[in-house]
Amino acid sequence: MLKTVVTLLCAGLLAGCGNRLAPPTAPVDPVQIHLMDHGRHPSLILPDGDGWTRYVYGEWRWYAEDDTGLWRGVQALLWPTQAAVGRQSLDTLPRSGRTQAIPEGFLTLYSIEVSTQDVNALRNRLNRYFENPEQRRYQPRYNLYFVKYPERYWMFHQSNQVMARWLQALGVEVHGSGLFSHWQLEE
């Protein structure tokens, strides 16, 4: 089993680390969304009324329970574990570069125009997980509310691959392995 995982990881590394994004051409009723690259994982920022809502995907114990030790990280990558979706309301957009506003910091903010209808559909789908307030867990370290996500988290279903799926739901073409959070916006 371990040999298979190492082989697949090496194949992913050789396939290239970058995820290239091709925005939709001429989206209907365009609206701007933002992909935040934190260096290890991404966040998606969607417009929401007068403000913005930030969404993340990750491992439940790592994010919601703040269990961030080395062994926890190894377990989260090698064995399917409980996944989580996080959500945060923002009044303004963060700027690219290091910031205190987003505790995990970030490197780059990419802006992409997509269809308003697609944004509304994805935002509604993600918000449905948060409907029951008793299932939400606030994590002050990240200033995010987390809920359990029905799919399992592990190396080949982690934040970058899920982000690629969310972006594809918005009409963005994603090229690359999705193993790492190295995003590039195609012109």
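Nothing here was measured: the structure is a model prediction, and the numbers come from that model.

Remarks on the pairing of strand β8 (residues 144-153)
Move 1: Where strand β5 (residues 81-90) lies against β8, seven bridges are found, and the strand directions are antiparallel. Counterpart to Val85 in the pairing with β8 is Val147.
Move 2: With three bridges joining them, strand β7 (residues 137-139) and β8 adopt antiparallel strand pairing. Looking at β8, one finds that Tyr138 is bridged to Tyr145.
Move 3: Once β7 ends, the chain turns through four residues before running back antiparallel as β8, passing Asn143 with a positive phi of about 55°.

Brief notes about the sheet that holds strand β1 (residues 19-22)
Move 1: Taken together, the three strands give an open sheet; going across it, the order is β9-β1-β10, and neighbouring strands pair in mixed fashion. Of all strands in the sheet, those bounded by a partner on one side alone are β9 (173-175) and β10 (183-185). Strand-to-strand twist in this sheet, taken as the mean axis angle between neighbours without regard to direction, amounts to 25°.
Move 2: As judged from the three bridges shared by β1 and β10, these two strands associate in the parallel manner. Bridge assignment links Leu21 to a residue of β10, and that residue is Leu185.

Details of the nonpolar core
Move 1: Ranked by size, the top nonpolar core spans 29 residues in total, and within it Ile33, Leu44, Trp166, Leu167 and Trp183 carry the most contacts.
Move 2: Once you skip the residues sitting within four places of it in the chain, Leu167 turns out to touch Leu21, Ile33, Leu35, Leu44, Val172, Val174 and Trp183.
Move 3: Counting residues in each nonpolar core, the second largest holds nine residues, with Val56, Ala64, Ala84 and Leu144 among its members.

Focus on the confidence of the model for the chain
Move 1: Averaged over all residues, the pLDDT of the chain is 84; the fraction at 70 or higher stands at 83%.
Move 2: Averaged pLDDT values for the elements of the chain fall to 44 in helix α1 (residues 2-14) and rise to 97 in helix α4 (residues 116-128).
Move 3: Note that residues 2-16 has pLDDT below 50 and, in this model, 10 contacts with residues that lie over four places away or in other chains.

Notes on the packing of aromatic side chains
Move 1: Under the definition given, this model contains eight aromatic pairs.
Move 2: When the centroid spacing of 5.8 Å and the interplanar angle of 25° are considered together, the rings of Tyr63 and Phe146 count as stacked. Taken as a pair, Tyr63 in helix α2 (residues 60-63) and Phe146 in strand β8 lie far apart in primary sequence, 83 residues in all.
Move 3: On the basis of relative accessibility, which here comes to 0%, the residue Phe146 falls in the buried class.
Move 4: Three or more aromatic residues link up through ring pairs in this structure, and these residues are Tyr57, Tyr129, Tyr149 and Tyr153.
Move 5: The aromatic ring of Phe130 is capped on one face by Arg87, whose charged end is 4.2 Å from the ring centroid.
Move 6: For the cation-ring pair, Lys148 lies above Trp60, with the distance from its terminal atom to the ring centre recorded as 5.3 Å.

A short note on helix α3 (residues 70-78)
Residue pairs three or four apart in sequence face the same way in an α-helix, which turns once every 3.6 residues.
Move 1: Considered for burial, the residues of α3 that qualify are Arg72, Gly73, Gln75 and Ala76. Seen along its axis, α3 keeps its buried residues to an arc of 165°; they face one direction. Residues of α3 that are exposed and angled more than 90 degrees away from the buried face: Leu70 and Trp71.
Move 2: Taken together, the buried residues of α3 touch β4 (51-59), α2, β5 and β8.

The rules behind each value
- Residues numbered from 1 in each chain as written.
- Predicted model: local features only at pLDDT ≥ 70, side-chain atom pairs only at ≥ 80, totals over all residues.
- Heavy atoms only, no water.
- Pairing = 2+ DSSP bridges.
- Helix = DSSP H or I, 4+ residues; strand = E, 2+ residues; numbered from the N terminus.
- Axes fitted to C-alpha atoms, helices over the stretch in contact; angles between N-to-C directions.
- Core = buried A, V, L, I, M, F, W, Y, C linked by side-chain atoms within 4.5 Å.
- Buried < 20%, exposed > 50% of the residue type's maximum accessible area, 1.4 Å probe, protein only.
- Contact = heavy atoms within 4.5 Å.
- pLDDT = per-residue confidence, 0-100.
- Phe/Tyr/Trp six-rings, centres within 6.5 Å; stacked < 30°, edge-to-face > 60°.
- Lys NZ or Arg CZ within 6 Å of the ring centre and 35° of its normal.
- Arc of directions from axis to C-beta.

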